[in-house]
Amino acid sequence: MDFFAQQQQARQRTGLLVLLFVVAVGLILLLTNVLMVALLLPQISDSPAPQSWQQLGAQLSSSNGMVLTLALLMVIATVIMIKWLALRGGGRKIAESIGGKRIQTNSQEFKQRQLLNVVEEMALAAGIAVPPVYLLADEHGINAFAAGHTPKDAVIGITQGALEQLSRGQLQGVIAHEFSHILNGDMRLNMRLIAVLSGIVVISHAGDLLLRTSGGRKNGNQAMLLGLALLALGWIGALFANLIKAAVNRQREYLADAAAVQFTRDPSTIAGALKMIAVSSGHSYLESANAAQSSHMLFSSYRAFSSLLASHPPIDKRIRAIEPNWNGRYAATVIKTQQRQQPVQQATAPEPKPAAHQANATAVIGAVLLAQLPNTLQQQAREPADVTQLALALIGDSTSRVAATISALTLKSQLTLLQLLLPTLTALSDRQQQQLLEQLQRCWQQQSITLSRWCIYQLLLHYLNAPDTHAPLIQATPKRNSASCHLLSLLACHGNDDPQQQQRAFYRGSNSLGWYQAKFDPNVSWPQAAADLITLRRTPPAKKQRLLLAFRQCAEQDGVINDDETALLHCLDLLLDAPAPQ
């Protein structure tokens, strides 16, 4: 089974469906405008009611018709913007809205510790920051979700049913599926579709309002006719838009399933989880009253729906896409899972290492990265009381009690440690985070600056500062290009001591972007580079990917990317809230 081809096919189908969604919305707006010009314009102006298509066209292009069109677009755009801003609360708020409680990073409860270890291993292997994990303790169906707008504010949520019933391998498949949603930008796509859909729904609300208020008025019959037409058009439009949105969601689920297989290199992990959902008494259902608004984020449907409106494909179709030769039976998976489940004798029992036959390639990569860290540092990274000392030591504070241990680590291991402690950092109270920020800033002013230390410092600032989720994307090319050239120059200067080699590295990166007139700047200041990061963080995702590839072209100018350069490039991926380019 070619899972790469499956992913490409899912992406192509998603693109066609999104195009269809846009066309459908455009037609609905056009018909709404025609109705308003034909029925409303004669009531609010001296224009006669159109009697032919020619008269209707003339009224649409008249000054009054243009004003009415502009007013309609402004109202719908305002509704869409309000909905968009309401949806941008971040992953934490979404998780809490459906009953999620954050699992503390130092939890020693057996099942919770196992889940946290899986999330850590998968995140480190994927090259993204370790996300906070939320548990829906009152939900006994098998389900999970990823919520957030960028890897920075993303969270993973899982139900108590999934925690209790899935094996470690099946949890890996589920978490890999959710990471795929984060890395593929699915949450952002769904938010856009939902926001646009709200603009369509407001048309039916306007029609309902007209029907309620038109009785007894002059020209009340025409107002009622317009209200009825708008109500029907808005309802039909919302139905078709929802159908297309559901189809988009289903394609993204197929994409996430295929990506999870690519990620774990083991189809049985996610297929086993889907089979467990099929035979579980609670299936994947959720009881939360707010589950509907988050349905597109879930691993599986929270309720049974008709196939056209379902946000997820049927379980059996998802399994067959992963295992084409599946015999349609679930019992064997359930028995094997139950045999692998180990009884928990004590709540604080350590999680055993997975057997060789249970480990997948990604879990091994994550486990190897963790194994390169001393156990004491791993434990301290999960303890809120110790995380401040670790953060200070990472930027070079020699007075920290762990300074000697951390200074002995390679840059790659320091970055692994930083990724591991990020969820603990973000769990600190606002006051504790502010105090840590002040300590970091004081310590930073006393340090000699290197590119690696600067990257780690910027990462700490980035994750401690509140996410600017309302900041618009920067589309202006000159500002974005200038910021990109500054960082390319900085990377080139710190990758080689020879000025000629520095210029060659810079121009290799800038030429890969098609910027043949770019100018190398060997004197970029650290404050300027920090400001450039903020600019580039608000760059559209596709352009970020091109920029990250240019960074790699710059770094490999001498034909070799060593471990430190690899770690630095990974730092830049994290700083720009973007997955490493493929």
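Above this text you will find the structure in question.
What you see is a predicted model, and the numbers here were worked out from it, not measured in a lab.

Draft legend 1. Region of interest: the environment of V75. Here V75 lies in helix α3 (residues 63–87). In the structure, V75 is positioned 128 residues away from I203 in sequence and 9.8 Å away in space, judged by C-alpha atoms.

Draft legend 2. Structural detail: the nonpolar core. Membership of the largest hydrophobic core comes to 75 residues, with the highest contact counts inside it found for L417, L421, W454 and F551. The greatest single-element share of this core, amounting to 10 residues, is contributed by helix α19 (residues 451–464). Setting aside anything within four residues of it in sequence, one finds L421 in contact with A381, V387, L390, L394 and L460. Membership of the second largest hydrophobic core comes to 42 residues, among which are I142, I158, I277 and I315.

Draft legend 3. Expanded view of the sheet that holds strand β4 (residues 155–159). Spatial ordering of the open sheet is given by β1-β2-β4-β3, a layout of four strands whose pairing is mixed. Since the sheet does not close on itself, it has two edges, and those belong to β1 (101–102) and β3 (144–147), each with one partner. Inspection of the sheet shows β1 paired to strand β2 (residues 133–136) by two bridges, in the antiparallel sense. The residue of β2 that forms the bridge with K101 is L135.

Draft legend 4. Structural detail: empty space enclosed by the protein. Going through the model one piece at a time under the given rule, you end up with four cavities of 30 Å³ or more. The space that makes up the largest cavity amounts to roughly 70 Å³. Taken together, R102, I103, T105, L116, V119, E120, V130, P131, P132, V133 and P423 form the lining of the largest cavity. Of the residues assigned to the lining of the largest cavity, the class counts are eight nonpolar, one polar and two charged.

Draft legend 5. Seen up close, the pattern of salt bridges. In total, this model carries 10 salt bridges according to the counting rule given. Note that E121 is salt-bridged to R168, the shortest N-O span being 3.0 Å. Highlighted residues: E121 in helix α5 (residues 110–126) and R168 in helix α7 (residues 168–183), separated in sequence by 47 residues. The salt bridge involving R318 is made with D257; its shortest N-O contact spans 2.9 Å. Here the residue R318 occupies a position in helix α11 (residues 315–322), and D257 occupies one in helix α9 (residues 220–264), the gap between them amounting to 61 residues. For the residue pair R318 and D257, the accessibility class agrees, reading buried in each case. Sharing partners across several salt bridges, the network here consists of R113, E120 and R382.

How each quantity is defined
- Residues numbered from 1 in each chain as written.
- Predicted model: local features only at pLDDT ≥ 70, side-chain atom pairs only at ≥ 80, totals over all residues.
- Heavy atoms only, no water.
- Helix = DSSP H or I, 4+ residues; strand = E, 2+ residues; numbered from the N terminus.
- Core = buried A, V, L, I, M, F, W, Y, C linked by side-chain atoms within 4.5 Å.
- Buried < 20%, exposed > 50% of the residue type's maximum accessible area, 1.4 Å probe, protein only.
- Contact = heavy atoms within 4.5 Å.
- Pairing = 2+ DSSP bridges.
- 1 Å grid on protein atoms, 1.4 Å probe; cavity = no way out; pocket = protein on both sides within 12 Å on 5 of 7 lines; lining within 4 Å.
- Points joined across faces, edges and corners; volume = space filled by probe spheres on them.
- Nonpolar A, V, L, I, M, F, W, Y, C, P; charged D, E, K, R; others polar.
- Salt bridge = Lys/Arg side-chain N within 4 Å of Asp/Glu carboxyl O.

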